[in-house]
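Read off the chains here:
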Amino acid sequence: MYKVAWSAILTWSVNVKGQKCNTPYGLFIAPAIDFPVCSDKLGYQLVKLAQKDSCVYQASPLKLLLKCGFFAGALVLTACSSPTVQRSSVPAQPAPQVEEKIVTLSADALIRQAREVWQERADKIQRDALLLDAATAYLQEDDHKRARKLLLMLNKTGLAPSQQATANTLLAQSYSDAPDANPQALIDLLLPLAENPELQARQRRILTELYEKQADYLAAANNYVQIMTPSGASVERVWRWINQTPVEALSDAAQTYPALQPYLSLHQLLARHGLNSQALTAELNQFRQVYRGSALVEFLPEEVTQASRLTSVRITKAAVLLPLSGRFAATGKAIKEGILAGYYARTGQDSSGFAQQLKFIDTNNKTAEQLASAVGDTKWLIGPLLKENIEGLLPLLAPDTHLLALNRVDLLPQASISASAQALIPEDLYIANLLPKYAAWFALAPEDEAYQLADEIFAKGYRSPIVVAADGAIYQRLLDAFQQRWQAQVKQTGRTQGHELDVVRYTDSASLKEGITESLGVAQSKTRIDQIRYMVNEKLHNVTRNRHDIDAIVVFASPEQTELLNPMVEASLSPFDGKTVPVYATSRSMEYDSSNNQWRDLQNVRFIDMPWLLPAHQWQTLENETRQLWPVRSTSQSRFFAFGVDAFQMLPYLTNLSIVPQASLHGLTGMLSMNANGEIKRVLPQAIIDNERVKPLDKGE
């Protein structure tokens, strides 16, 4: 509890259950006010003070406020729960920067002034203005609890319309850093924006923080760009938010957020011309002219400046390191065939940027030293494929080597070494300095598919999926990655309740059926039916029901297992619910060289897979040629063939992709881009099994 002096200052005359509480300091309200017996909406508590017969309403702790539905009550501050206001459009050019109001007096001094104003003139408007300044002073001192207490009590007296937005804003600020606060409720409290420039600046600052917590990066950037002081750091912050936004959300963002037009135009420019160095340089020069005077042009991000200096590359010779014999020979040969297909596809086209000569090196039973010797002075490498070959070869490569490794390796982070041990390591032996300057990691990693599936399912609004994972290392990797990304998505919403994943692991068909019926609630439904049948001793006509909160099912299993699982799921769902529960899978559940019966058993299953294996792709000529050369080819071999084609096509663009992460290459294995760690990220198209046929889906379907 706060000190007696503080509590007494905030004391006023109230009637509680007919008993009057004295106000020895005579502050705020001349006539007595009848408060509700229990102010449950705001979670108030009647607190006894040290002085006899003195009492005060004190705001309960934040957790209790939230449990009691505080935000429903707090919206009283917005003139009786006004509805959510849509974000208004902003000027294309931000207005001159306005600073937030700064209070120079202490909160105690302002409260004393408020008491004097009330006692001498009974001027409620002036008194409330001083108390709002006192709340501001508390916030400036990071004393959010006292600010919140003052604002909640002040609200009970009723505020003038001109002061209401200020109270709303300060209250939202007092809760903005609370771990249990609902960001959306606070955003509703701040909208619509005030006309007063100083108050609007404060509102935009708070909105920036709240939108960032919600991972609504465009809205955060829109508010921040209109209050920020132009600098390299502030521009970099906005630019980071733009790049964190999904690409599909950027397409029409300029209409909603005109203030972000320069940033959105730059992002579009880099995405469109990022792989063409000559066109990129010309477009960036034009961009500087169009948006001259803007903060973005004045403080252009460093990577954009680097991108403007890119030049076209010429690859005379490239070495390809693959296992062409031994245990992994089939995989290595399929990748080699893809690389050669990519090489010959450039015949008759402009191939100036692509490798003119290819040298294939068999990595089977070769030491790292033997591989380095075989590479010689070649500066452009594709491969190796196996992790042990990559890890052994990396330290032996020249720093100016351009490497496209066909796997990912877990390099020992320097941070795992103690500071004292690091001091003994020569600088030229640091992990970062042992790697080639231009190294990228390209893999058909299952984790990428699990991440994409989690993002897409969450974006569609599903919150209670069941995840079914078969026994096996690859499916455990998929499950772990999905859970990790799902938890990250949930955390960004600020709400952790009701979004837990229900996971079913199984080893055989019996445990699969048991797990599915248990998770869907069908087993409990059957038990209840049996109990009723026993009690009434009559024949019952019944249909089991499944849980109604399940909104999606995610499958990580082999094609054969998925064929068994999907009919079980459909049989377990109630036929009269009128609700469709979609089933999602990855490419690991798809086999294109099986019988047509598999598509019948996979009816309505949605999945993601590389474009090369889906119908109506853009490489029909190449597909016809490969079918003539390899009429009988497994799905696995087809995947590695496409992997090889993309590896060859990507090699000249490694530098561009590393400097321009907005750029992407439309490959056979997916939409390819590079992250900050040099990893090639794949985004796969989605399809559905419809009437025993694979039907590609548009984005968002």
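Just above sits the structure.
First things first, this report covers the structure right here in the doc. Note that the structure is a prediction, hence the values are computed from the model and not measured.

Points about the environment of leucine 479
Right, so step 1: Among the structural elements, leucine 479 can be located in helix H24 (residues 473–493).
Right, so step 2: The class of leucine 479 is buried, set by a relative accessible area of 0%.
Right, so step 3: A C-alpha to C-alpha distance of 9.2 Å links leucine 479 and valine 555, two positions 76 residues apart in sequence.

Here's the deal with the packing of helix H9 (residues 197–213) against helix H10 (residues 217–224)
For any two helices packed against each other, the geometry is given by the interaxial angle and the distance between the axes.
Right, so step 1: Viewed as axis vectors pointing N to C, H9 and H10 meet at an angle of 160°, and their least axial separation amounts to 8 Å. By the angle between their axes, H9 is roughly antiparallel relative to H10. For H9 against H10, the interelement crossing comes out left-handed. On H10, the residues that touch Arg204, Leu207, Thr208, Tyr211 and Glu212 of H9 are Tyr217, Ala219, Ala220, Asn222, Asn223 and Tyr224.

Some details on the pattern of salt bridges
It is possible for side chains bearing opposite charge to pair when their charged atoms get close.
Right, so step 1: In this structure the tally under the stated criterion is 19 salt bridges.
Right, so step 2: Among the ionic pairs, aspartate 448 bridges to arginine 408, the shortest N-O distance being 2.7 Å. Taken as a pair, aspartate 448 in helix H23 (residues 446–459) and arginine 408 in the loop between strand E9 (402–405) and helix H21 (419–422) lie far apart in primary sequence, 40 residues in all.
Right, so step 3: On the basis of relative accessibility, which here comes to 14%, the residue arginine 408 falls in the buried class.
Right, so step 4: Among the salt bridges present, the one from arginine 477 reaches glutamate 447, with a minimum N-O distance of 2.7 Å. One end of the pair, arginine 477, is in helix H24; the other, glutamate 447, is in helix H23, and 30 residues separate them in sequence.
Right, so step 5: For arginine 477, a relative accessible area of 38% puts it in the partly exposed group.
Right, so step 6: One salt-bridge network, in which partners are shared between bridges, spans Glu100, Arg202, Arg205 and Glu209.

With respect to the sheet that holds strand E17 (residues 670–674)
Right, so step 1: With antiparallel pairing, the three strands of this open sheet are ordered in space as E16-E17-E18. Of all strands in the sheet, those with a lone pairing partner are strand E16 (665–667) and strand E18 (680–683), marking the two edges. Direction aside, neighbouring strands of the sheet carry axes that sit 35° apart on average.
Right, so step 2: Relative to E18, E17 runs antiparallel, the two being bridged by four bridges. Looking at E18, one finds that leucine 672 is bridged to arginine 682.

Some thoughts on helix H25 (residues 509–519)
Right, so step 1: For H25, the set of buried residues is Leu512, Gly515, Ile516, Thr517 and Ser519.
Right, so step 2: Between the side-chain oxygen at the start of H25 and the backbone nitrogen of serine 511 there is a gap of 2.8 Å, and the oxygen is on aspartate 508.

Here's the deal with unusual backbone geometry
Among all residues save glycine, negative phi is the norm, and among peptide bonds the norm is trans.
Right, so step 1: Residues leucine 191 and proline 192 are joined by a peptide bond in cis, for which omega reads 0°.
Right, so step 2: Mapped onto the fold, proline 192 is located in the loop between helix H8 (183–190) and H9.
Right, so step 3: The omega torsion across glycine 383 and proline 384 is 0°, close enough to zero to call that bond cis.
Right, so step 4: On the secondary structure map, proline 384 appears in the loop between strand E8 (380–382) and helix H20 (387–393).
Right, so step 5: Of note, the phi angle at asparagine 604 is positive, near 75°, even though the residue is not glycine.

Description of the side chain of threonine 635
Right, so step 1: Here threonine 635 is to be found in helix H30 (residues 635–650).
Right, so step 2: For threonine 635, a relative accessible area of 3% translates into the label buried.
Right, so step 3: Of the polar contacts made by the side chain of threonine 635, one reaches the side chain of aspartate 593; its length is 3.2 Å.
Right, so step 4: When sequence neighbours within four positions are dropped, the list of residues in contact with threonine 635 reads Met590, Glu591, Tyr592, Asp593 and Leu613.

Here is what the cut-offs are and how they apply
Residues numbered from 1 in each chain as written. Predicted model: local features only at pLDDT ≥ 70, side-chain atom pairs only at ≥ 80, totals over all residues. Heavy atoms only, no water. Helix = DSSP H or I, 4+ residues; strand = E, 2+ residues; numbered from the N terminus. Buried < 20%, exposed > 50% of the residue type's maximum accessible area, 1.4 Å probe, protein only. Axes fitted to C-alpha atoms, helices over the stretch in contact; angles between N-to-C directions. Parallel < 35°, antiparallel > 145°, perpendicular 65-115°, else oblique. Left-handed = near helix turned anticlockwise from the far one by under 90°. Contact = heavy atoms within 4.5 Å. Salt bridge = Lys/Arg side-chain N within 4 Å of Asp/Glu carboxyl O. Pairing = 2+ DSSP bridges. Polar contact = N/O pair within 3.5 Å; in protein donor to acceptor, adjacent residues only side chain to side chain.

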